[in-house]
Amino acid sequence: MRDSLALPLAAVRPPLMAPLLRLAPRGGLLVLAGAAILVLTAIAARFGQPVPALVTAVAGATALVLGTAALAIGWRARRRQGRVSAVLAQALAGDPDPVLVTDSQGLVLAANLAASGAGSASGAAGTGLSARLASWCVDADSVAAALLAEALRVGHVRREFWRKDSGLRLSLHPADRGAALFVWRFSPIARGGARGLDALGLPALTRGACGPSANPEARALGAQGDLTDLWAEAATRAGSGELLSLPDGTQVQPLHVPARDGSEDILLLPPLGTSRPASADGFDPDASDIPVALVQIDPEGRIQGTNRLARGLLGLVAGETRFFWEVVEGLGRPVADWLDDARAGRALGRPEVLRAALTGQETYVQIILRRAPGPTRAPGSLVAVISDATELKSLEARFVQSQKMQAIGQLAGGIAHDFNNLLTAISGHCDLLLLNRDRFDPDYNDLLQIHQNANRAAALVRQLLAFSRKQTLKPEVMTLESMLEDLTHLLTRLVGERITLSLTNAANLGAIRADRRQLEQVIMNLVVNARDAMPMGGTISLETEARHLDAELEHGRARVPPGDYALIRVVDQGIGIPADIIDKIFEPFFTTKRLGEGTGLGLSTAYGIVKQMGGYIFCDSVEGAGTTFTLYFAVEAAGDTVPGRSVPPGAAALPASPAKPAPRSETVPVPPLAAPSRGGSILLVEDEAPVRAFAARALRLQGYQVFEAQDGEQALEFLENPAVRVDLFVTDVIMPGIDGPGWVTQALRTRPGTPVVFVSGYTEDALNAALVRIPRARFLGKPFSLHELSETIEAQLVV
């Protein structure tokens with residue numbers, strides 16, 4: 001066993017070694033005393049004082065010799081202790097349990113890697129035991145001293161400390177015959193083992209830090225005393241499928257069960273191949289109720305027997321004899337080939353995760369194949385040990401899905417940023433051309449088509465940003481009743497004459513915090529999808545509900561925490577969504593519509609908007625009977641009715657960015673711009689040349705003096721001339737080199753109070769910290785129109 005390690009300091013010790021070792025700590029005092037006696041004797045003799053010279057001389061010389069010898073032997077003992085401690089620590093370096101080596105006073109001389117947490121096995125020398133014992137007992141120092149005293153008296157000491165369902169098993173024993181060194185091992189344990197085996201009433205062997213042990217049921221069968229050999233034989237036979245004979249002659253089938261706390265368990269089950277009458281499920285009656293799912297498979301791959309837990313996991317009934325590949329699927333290769341590999345010894349003991357095909361729901365199981373034990377079993381028979389892996393598979397699927405959505409979101413956000421720059425230049429120059437043309441100009445309709453399609457492209461980019469949750473939100477505290485009532489008039493015209501739209505508002509519906517315009521977009525997307533799902537007409541119902549959740553609500557892979565929620569439901573009577581694709585409807589670019597009829601971004605956009613606002617969206621559908629989309633939004637606490645985003649303490653509230661107007665009608669031209677009330681000089685910093693050209697020309701047409709810079713470094717170089725007057729900074733946010741907030745912060749040190757307009761294809765959320773830190777700052781999102789640019793500049797200069 002690991003705890004029986006003993007390395008003697010010396011094979012044989014002289015008789016005086018132990019007394020001299022006990023004198024070692026006082027060796028220095030003896031040397032000083034002996035020297036003092038000799039000096040005093042010499043002085044007394046020099047001045048003729050009557051002193052028994054011979055007695056004192058002998059006493060002083062004896063003390064001097066004993067002290068010197070004690071110091072030398074103590075020094076040798078300490079060196080030997082250090083070497084032995086290092087050897088012990090190095091020998092135990094790979095031990096997963098923390099191991100300390102101390103002296104008889106409890107001083108730590110060495111530690112293995114698990115105990116020291118450092119790169120050296122002896123790096124923890126000098127560390128006390130109190131820190132390791134403090135969380136398990138009240139007076140750690142007293143407990144350590146008592147354990148050392150007991151180890152000196154009886155040798156090996158074991159203690160267990162418990163805290164709820166976790167515990168610590170402490171093993172202490174002397175490392176040498178002279179009890180100068182002690183080995184402490186700290187092993188974590190779990191109550192009842194990894195699977196709660198102590199509560200099963202089954203005989204079991206457990207191997208932990210202190211070696212093999214038997215529970216009371218196993219001891220009743222004769223498993224007592226030194227269990228090292230019995231454990232080794234049981235482990236060997238558990239791997240080969242052979243029966244094990246216990247000391248009292250009982251034949252058992254050992255089943256190896258790995259535990260999570262570093263220990264191991266072997267269940268001693270009744271033999272599956274005995275001649276005792278089998279139950280209807282093909283198993284020995286004692287084996288049918290064990291808490292481990294077992295399936296017997298004959299050499300042809302047919303199920304011969306199942307116990308109760310296995311039938312519950314696989315969706316079988318007692319006595320059902322199917323082929324195993326009809327019960328499980330999803331291995332990635334034929335299940336029959338897997339069984340053949342197991343019979344040949346190539347796949348025994350290796351876990352595989354498969355899907356249960358007969359349960360009627362998404363159930364995953366982990367299966368380990370072993371050879372069937374017992375002389376009555378045909379060669380090639382197997383036993384499948386099965387455990388439920390549904391939760392593990394669900395977590396894995398959630399992680400993969402989140403990684404995929406994150407990657408697509410990052411790609412969509414980057415594409416949207418680049419397209420916003422292009423669309424700003426296209427729509428901006430189109431606005432400049434439309435300023436000097438009326439509807440009778442031959443180029444007017446062509447320019448208007450360019451402008452309208454640029455607006456359509458901008459709407460598509462906004463969908464990409466909504467999916468990637470990088471769009472700018474303007475949350476406000478609002479009531480769903482008023483929003484839905486206002487929206488119903490538009491939706492009624494949207495759904496057409498064949499479809500009836502009904503609205504039902506619940507009483508006592510609390511207020512929520514959301515971006516009104518974006519929430520309207522979500523509901524419009526859901527209603528349009530409902531309309532398309534009802535080609536023959538029907539009714540679309542908009543419903544609201546106030547719901548209180550006392551416990552966490554689990555819906556598919558999502559979990560809604562407890563609390564008060566306001567619900568919105570969009571219910572249709574359409575064709576429904578097939579079960580095999582309902583999990584994909586929120587994925588970007590997924591659509592069931594024909595080519596050219598949809599982008600596949602409607603529901604993914606709705607999902608992104610709802611999640612960005614902190615809500616939840618779920619879909620329930622029965623094919624041929626209709627679909628229901630349910631939105632959950634947390635209800636705002638009473639009194640929290642001030643719209644807008646929160647402002648950090650000590651910071652002034654920022655002016656809100658101007659809301660983007662709705663896309664212009666196809667017949668409405670760009671409105672002419674009014675002359676500015678006053679001129680001013682503007683420093684325009686933009687790394688995209690087309691955007692910079694449009695903005696500079698638009699501002700000059702308004703009478704402003706415009707200085708252009710292509711990056712932050714050029715802007716700072718221009719501002720080094722104190723004679724140049726600049727009334728406003730207009731800057732992009734993301735640029736090569738120093739970014740927009742970076743160069744503006746430096747410029748404001750010499751030109752404090754200068755207002756700033758940040759423009760970006762990304763969202764305002766990424767700039768919140770900079771907007772709060774920089775006074776008189778405003779955000780303008782790309783793509784912006786000529787009118788929006790002029791209004792924002794005018795508003796900043798007037799402030």
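Residues numbered from 1 in each chain as written. Predicted model: local features only at pLDDT ≥ 70, side-chain atom pairs only at ≥ 80, totals over all residues. Heavy atoms only, no water.

Trainee: Please explain the overall build of the protein as it appears in this structure.
Mentor: The helix and strand inventory of the protein stands at 20 helices and 30 strands. A sequence separation of at least 24 residues applies to 60% of the contacts in the protein between residues at least 6 apart. For the protein, the accessible surface area stands at approximately 39,900 Å², while carbon and sulfur atoms represent 56% of it. (Helix = DSSP H or I, 4+ residues; strand = E, 2+ residues; numbered from the N terminus. Contact = heavy atoms within 4.5 Å. Areas by Shrake-Rupley, 256 points an atom, 1.4 Å probe, with all protein chains shown as cover.)

Trainee: Explanation requested: the environment of Ser604 in the structure shown.
Mentor: Considering the arrangement of structural elements, one finds Ser604 in helix α15 (residues 602-612). The sequence separation of Ser604 and Val522 amounts to 82 residues, and the corresponding C-alpha distance is 10.0 Å.

Trainee: Can you help me understand the side chain of Asp298 in this one?
Mentor: Among the structural elements, Asp298 can be located in the loop between β11 (293-297) and β12 (303-306). Buried within the structure, Asp298 lacks any salt-bridge partner; Arg302 is the closest side chain of opposite charge, at an N-O distance of 4.8 Å. At a separation of 3.0 Å, a polar atom in the side chain of Asp298 contacts the main-chain amide nitrogen of Glu300. Ignoring sequence-local partners within four residues, the contact set of Asp298 consists of Gln304, Arg343, Gly380 and Ser381. (Buried < 20%, exposed > 50% of the residue type's maximum accessible area, 1.4 Å probe, protein only. Lys, Arg positive; Asp, Glu negative; His and termini not counted. Salt bridge = Lys/Arg side-chain N within 4 Å of Asp/Glu carboxyl O. Polar contact = N/O pair within 3.5 Å; in protein donor to acceptor, adjacent residues only side chain to side chain.)

Trainee: Would you mind showing me how to read the packing of helix α16 (residues 689-701) against helix α20 (residues 786-798) here?
Mentor: Working note: a packed helix pair is described by the angle between its axes plus the distance between those axes. Following both chains from N to C, one finds α16 and α20 inclined at 60°, their axes separated by 11 Å at the closest point. It follows from the interaxial angle that α16 and α20 lie oblique. Here α16 runs over α20; the crossing is right-handed. Note on element contacts: α20 touches α16 through Leu786, Leu789 and Ile793, opposite Phe694, Ala695, Ala698 and Leu699. Each residue belonging to the contact of α16 with α20 can be placed in one class, and the counts come to seven nonpolar, no polar and no charged. (Axes fitted to C-alpha atoms, helices over the stretch in contact; angles between N-to-C directions. Parallel < 35°, antiparallel > 145°, perpendicular 65-115°, else oblique. Left-handed = near helix turned anticlockwise from the far one by under 90°. Nonpolar A, V, L, I, M, F, W, Y, C, P; charged D, E, K, R; others polar.)

Trainee: Looking at this model, I keep getting lost on the sheet that holds strand β24 (residues 616-622). Mind explaining?
Mentor: Taken in spatial order, the five strands make up an open sheet running β18-β20-β23-β25-β24, and their pairing is mixed. Since the sheet does not close on itself, it has two edges, and those belong to β18 (499-504) and β24, each with one partner. Within this sheet the neighbouring strands show an average axis-to-axis angle of 20°, counted without direction. Judged from the seven bridges that link them, β24 and strand β25 (residues 626-634) form a sheet pairing that is antiparallel. Note that in β25 the partner of Ile617 across the bridge is Leu631. (Pairing = 2+ DSSP bridges.)

Trainee: Would you mind going over a nonpolar patch on the surface with me for this structure?
Mentor: A cluster of nonpolar side chains, Ile415, Phe419, Leu422, Ile426 and Ile450, forms an exposed patch at the surface whose accessible area comes to about 440 Å². For Phe419, the location among the structural elements is in helix α11 (residues 390-435). The partly exposed category is assigned to Phe419, whose relative accessible area is 44%. (Patch = residues over 30% accessible without salt bridge, like charges linked within 9 Å, V, L, I, M, F, W, Y side chains within 5 Å.)

Trainee: It is not clear to me how the confidence of the model for the protein should be interpreted in this structure. Could you clarify?
Mentor: Caution applies to low-pLDDT regions: their predicted coordinates should not be interpreted in detail. Chain-level statistics for the protein give a pLDDT mean of 74 and a share of 67% at 70 or above. Residue range residues 118-127 is modelled with pLDDT below 50. Its contacts to residues more than four positions away, or to other chains, number 20 contacts. Here residues 191-196 is modelled with pLDDT under 50, and outside its nearest four sequence neighbours on either side it reaches 10 contacts, counting other chains as well. (pLDDT = per-residue confidence, 0-100.)

Trainee: Teacher, can you tell me more about the pairing of strand β23 (residues 563-571) here?
Mentor: When a strand is regular, its side chains alternate between the sheet's two faces. The element β23 is extensively covered by neighbouring structure, given that seven of its nine residues are classed as buried. When β23 meets β25, the two strands line up antiparallel, connected through seven bridges. Of the residues in β25, the one forming a bridge with Val570 is Phe629.

Trainee: Looking at this structure, I do not really get the nonpolar core. What am I missing?
Mentor: Generally speaking, soluble globular proteins have nonpolar side chains that are buried together. Judged by nonpolar contacts, the single largest core of 39 residues is most densely connected at Leu519, Ile523, Ile540 and Leu631. The residues contacting Ile540, other than those within four sequence positions of it, are Val495, Ile499, Thr500, Leu501, Ser502, Val527, Ala530, Arg531, Met534, Val570 and Val571. (Core = buried A, V, L, I, M, F, W, Y, C linked by side-chain atoms within 4.5 Å.)

Trainee: Explain the environment of Glu391 to me, please; I cannot follow it from the model alone.
Mentor: Turning to its location among the elements, Glu391 is positioned in helix α11. For Glu391, a relative accessible area of 43% translates into the label partly exposed.

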